[in-house]
Amino acid sequence: MEKKYKLFINGVWVDSEDGSSIDVINPATGEKITEVSQASQNQVNAAVDAAREAFDRGPWSRMAPAERSNLLLKVAERIENKLQEYATIESMISGKTIKQSSNYDMPYIVDNIRYMAGTARNFEGKALKEYVPEGASTIRRDPIGVVAAITPWNYPLMEVIWRAIAAISVGNTVVVKPASLTPVTTLMLASDLEAVGLPKGVFNVIVGPGSSVGEQLAKNKKVDMIAFTGSTEVGKRLMELGSSTLKKVSLELGGKAPFIVFDDADVEAAVQGAVVGGLVNNGEDCANSTRYYIHENIYSKFLDALLRELRKVKIGNPLDETVDMGPLISESHRERVESYIRKGIEEGGKLTYGGKRPLSKGFYLEPTVIETDNNSSVIVQEEIFGPVWTVLKFKDYDEVIEKANDVIYGLGASVWTKDITRAIRATRDLSFATVWINEHVPVPSEMPWPSYKQSGSGSSLSTYGLEEYTYVKHVYFDISGATRKSWYYQVYGQK
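Heads up: these notes are all about the structure in this document. These numbers were taken from a predicted model, which means no experiment stands behind them. (Residues numbered from 1 in each chain as written. Predicted model: local features only at pLDDT ≥ 70, side-chain atom pairs only at ≥ 80, totals over all residues. Heavy atoms only, no water.)

### Considering the overall build of the protein chain
The condition is simple: Each helix corresponds to a stretch of at least 4 residues labelled H or I by DSSP, and each strand to a stretch of at least 2 residues labelled E; elements are numbered beginning at the N terminus. Restricting the calculation to C-alpha atoms gives the radius of gyration, and the globule rule supplies 2.2 Å times the number of residues raised to the power 0.38. Throughout, a residue-residue contact means that at least one pair of heavy atoms, one from each residue, lies within 4.5 Å. All accessible-area figures derive from a Shrake-Rupley calculation using a 1.4 Å probe, and residue coverage is judged against the displayed protein chains alone. Here Asp and Glu are counted as negative and Lys and Arg as positive; His is not counted, and neither are the chain ends. The location of each charge is read from NZ of Lys, CZ of Arg, CG of Asp or CD of Glu.
Check the secondary structure of the protein chain and you find 15 helices and 25 strands. Relative to the 2.2 N^0.38 estimate, which gives 23 Å for 495 residues, the radius of gyration of the protein chain is 25 Å and therefore close to what a compact globule would have. Counting only C-alpha atoms and orienting by the principal axes, one finds that the protein chain spans roughly 80 × 60 × 40 Å. Taking the contacts inside the protein chain whose residues are at least 6 apart along the sequence as the reference set, 73% of them involve residues at least 24 apart. Approximately 20,400 Å² of the protein chain is accessible, and the part contributed by carbon and sulfur atoms is 50%. With 56 positive and 63 negative side-chain charges, the protein chain shows a spacing of 4 Å between the two charge centroids.

Spelled out as structure tokens, the structure:
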């Protein structure tokens, strides 16, 4: 890893204008591992200007889709060839386990890019057809323009792919502001895009606090769209900032996923899914299972098995292939998560497992299970974004659906049952944008990752995710050849 990383603006690597930088900390040790230049106000504007120029006058937006696709395929190949390097650095800066980075995140990212590169070559719309007697209509999709992609720390590279690479695949240009805690792999991606010949100004990377750099980027009048992944509160703020110029805003925000286990479910399968669903990405995942609703007939059996499996979870150095769970991202975030544990107990919850700091060095926290019967409690209602799970009993279908839906979020949910009729009813009745049956977490590149309620707006992945970065344009052709069309009398003259 380099001693210091620069910003990437208009195809050039530049230091901070005023010499300021941001330290990147390894959450497994609490020690500095590198630093990154911090963008000044002038550099934020310069990045937007470069993206604007590249979109308005450069070749990218008018390039044949196959040309853009071929370039992105080369990028996917470069990442694949350096997969272990990317995975190692991703784990070092985020704390996620190397098992996840190398076996899931990076291969999935490569697949995401290849899917986007192929799909962007073949957007489908209505065929040219006569919907009125004298004319024919068709649909085309045009890129929106300059996209501000503001990405989170929990999936540093993946969210840049979902946001920025999706945007440029259909002809937009982007300014990426990665999270200040984890910008390194985004800058590595910029280097690989440069290496394959991406035109200057198409992909720019600036780094700095959201409260200054992010807000300035969102307010810039030359930005046409904001694509953000992060907290619901920040998403609301970005909508407010973009409203002055009516920017398009695509948001993937918080989640509070219910994990519903009926009494006919395969309990052992559900327990395995519960551990994985709750600990994916160290629990720092907007879709991780956090609210376990267990039918009263199997509650004790499920809970006993869950605790049995949690005792097997190995916590430690995320670069160790045998480790199941690494540290949380920062000391301040760990303290925030711990504050929710205290709130849960204060509200009458029973701390059944975990809640401690297992290691003296780094930002580690044990997986934590709190039993409660209060669906209105803070720990059930608010996104904790850590390995803290609530476990609640339910008696019947209507009760659990009502409780599961009783949150402001609507991202993901899972249902565990052998009853296909009940499973299908649940997919209809749950107000969540993704519902898994007897599984929790998988989202193929071909399927959308959308949002309901205050979990955001729009989609990532799939054709729907790429369409997010386009305008729909109706094109009308007169096919009569007449000087005066038959309907003109409605405005002036006579029939």
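### Concerning the packing of aromatic side chains
The description of an aromatic ring pair rests on the distance of the ring centres and on the angle between the ring planes. Stated precisely, the cut-off is as follows: Stacked, edge-to-face and tilted are the three classes for Phe, Tyr and Trp ring pairs, Trp counted by its six-membered ring, which pair at centre distances within 6.5 Å; planes under 30 degrees apart are stacked, over 60 edge-to-face, the rest tilted. A 1.4 Å probe rolled over the protein chains alone gives each residue an accessible area, and that area as a share of the maximum for its type sets the label: buried under 20%, exposed over 50%, partly exposed in between. Counting as a charge over the ring demands two things of the Lys NZ or Arg CZ atom: a distance within 6 Å of the ring centre and an angle within 35 degrees of the ring normal.
Counting across every chain of the model gives 12 aromatic pairs. With 6.3 Å between their ring centres and 80 degrees between their planes, Tyr108 and Trp162 make a pair best called edge-to-face. You can see Tyr108 sitting in helix 4 (residues 98–119) and its partner Trp162 sitting in helix 5 (residues 158–169), a full 54 residues away along the chain. Pair check on accessibility: Tyr108 and Trp162 agree, each one buried. Taking NZ or CZ as reference, Lys393 lies 5.0 Å from the ring centre of Tyr299, over its face. In this structure, Arg425 is placed above the aromatic ring of Tyr397, and the distance from its NZ or CZ to the ring centre is 4.0 Å.

### Examining the environment of Val475
For Val475, the position within the fold is in strand 25 (residues 470–478). Val475 has contacts with Ala136, Ser137, Thr138 and Arg140, leaving out every residue within four places of it along the chain.

### Points about the nonpolar core
What counts, and what does not: Buried Ala, Val, Leu, Ile, Met, Phe, Trp, Tyr and Cys residues that are joined via side-chain atoms within 4.5 Å together make up what is termed a nonpolar core.
Formed by 95 residues in total, the largest nonpolar core has its most connected members in Ile161, Ile165, Leu189, Phe203, Ile206 and Leu217. Sorting elements by how many residues they give to this core places helix 5 first, with nine residues. Once residues within four sequence positions are removed from consideration, Ile165 is found in contact with Leu72, Ile113, Met116, Val160, Leu189, Leu193 and Phe203.

### Some thoughts on the sheet that holds strand 7 (residues 135–143)
Which entries qualify depends on this criterion: If DSSP finds at least two bridges between two strands, the strands pair. Where helices are involved, their axes are fitted lines through C-alpha atoms of the stretch in contact, as for all axes, and angles between N-to-C directions lie from 0 to 180°.
A sheet is described by the order of its strands in space; here three strands give the open sequence 6-7-25, paired in antiparallel fashion. Looking at the sheet topology across the chains shown, the edges are occupied by strand 6 (129–132) and strand 25. If you compare each strand with its neighbour and ignore which way they point, the axes differ by 45 degrees on average. Direction of pairing for strand 7 relative to strand 25: antiparallel, over a ladder of nine bridges. Across the sheet, residue Ser137 finds its bridge partner in strand 25, namely Tyr476.

### Comments concerning the environment of Pro318
Mapped onto the secondary structure, Pro318 falls in the loop between helix 10 (299–310) and helix 11 (331–346). Residue classification places Pro318 among the buried residues on the basis of a relative accessible area of 2%. A sequence separation of 220 residues divides Pro318 from Ile98, and the C-alpha atoms of the two residues are 5.7 Å apart. Filtering out sequence-adjacent residues up to four positions away, Pro318 remains in contact with Ala28, Ser91, Gly95, Lys96, Thr97, Ile98, Val323, Gly326, Pro327 and Tyr364.

### Comments concerning the packing of helix 9 (residues 267–279) against helix 10
Stated formally: Comment on the angle field: the value is read as roughly parallel under 35 degrees, roughly antiparallel over 145, roughly perpendicular from 65 to 115, and oblique elsewhere. Crossings are sorted by hand: turned counterclockwise from the far helix by less than a right angle, the near helix makes the crossing left-handed, and turned clockwise it makes it right-handed.
Two numbers describe how helix 9 lies on helix 10: the axes approach to 9 Å, and their chain directions differ by 50 degrees. Judged by the inter-axis angle, helix 9 sits oblique to helix 10. For the pair helix 9 and helix 10, the sense of crossing is right-handed. Counting all contacts with helix 9, which are made through Val267, Glu268, Ala270, Val271, Gln272, Ala274, Val275 and Leu279, the residues of helix 10 involved are Lys301, Phe302, Ala305, Leu306, Arg308, Glu309 and Leu310.

### Structural notes on helix 4
Filter applied, for reference: In this scheme, a helix's expected span is set at 1.5 Å multiplied by one less than its residue total. The seven residues ending at a residue and the seven starting there each receive a fitted axis; the angle between those axes is the bend at that residue.
Here helix 4 is 22 residues long and its end C-alpha atoms lie 30 Å apart, about the 32 Å a rise of 1.5 Å per residue gives. Remark: the principal bend of helix 4, roughly 25 degrees, maps to Asp105, with a proline, Pro107, within the next four residues.

### A few points about helix 11
The end-to-end C-alpha distance of helix 11 is 23 Å, a good match for the 22 Å that 16 residues give at a rise of 1.5 Å each. Listed as buried for helix 11 are His333, Arg334, Val337, Glu338, Ser339, Tyr340, Ile341 and Gly344. The inward-facing, buried residues of helix 11 contact strand 15 (350–353), strand 16 (368–371), helix 12 (378–381) and strand 17 (388–394).

### Focus: a negative patch on the surface
The test is simple: Patch members must show over 30% relative accessible area and no salt bridge, and they are joined within 9 Å when carrying like charges or within 5 Å when they are nonpolar side chains of Val, Leu, Ile, Met, Phe, Trp or Tyr. Only one rule defines a salt bridge in this text: a Lys or Arg side-chain nitrogen within 4 Å of an Asp or Glu carboxyl oxygen.
Among the surface-exposed residues, Asp263, Glu296, Asp396, Asp398, Glu402 and Asp406 lie close enough to one another that they form a single negatively charged patch. With respect to the secondary-structure elements, Glu402 resides in helix 13 (residues 397–405). What makes Glu402 exposed here is its relative accessible area of 60%.

### Examining the side chain of Arg422
Turning to its location among the elements, Arg422 is positioned in helix 14 (residues 420–429). Exposure remark for Arg422: the relative accessible area of 18% places this residue in the buried category. Apart from the residues lying within four places of it in its own chain, the contact partners of Arg422 are Phe262, Asp263, Asp264, Tyr397 and Thr417.

### Notes on unusual backbone geometry
Most peptide bonds are trans, and most residues other than glycine sit at a negative phi. In this structure, Asn281 is a non-glycine residue whose phi angle is positive, near 60 degrees. Since its relative accessible area comes to 2%, Asn281 is described here as buried. Although it is not a glycine, Val441 adopts a positive phi angle of roughly 115 degrees. Classification of Val441 as partly exposed rests on a relative accessible area of 22%.

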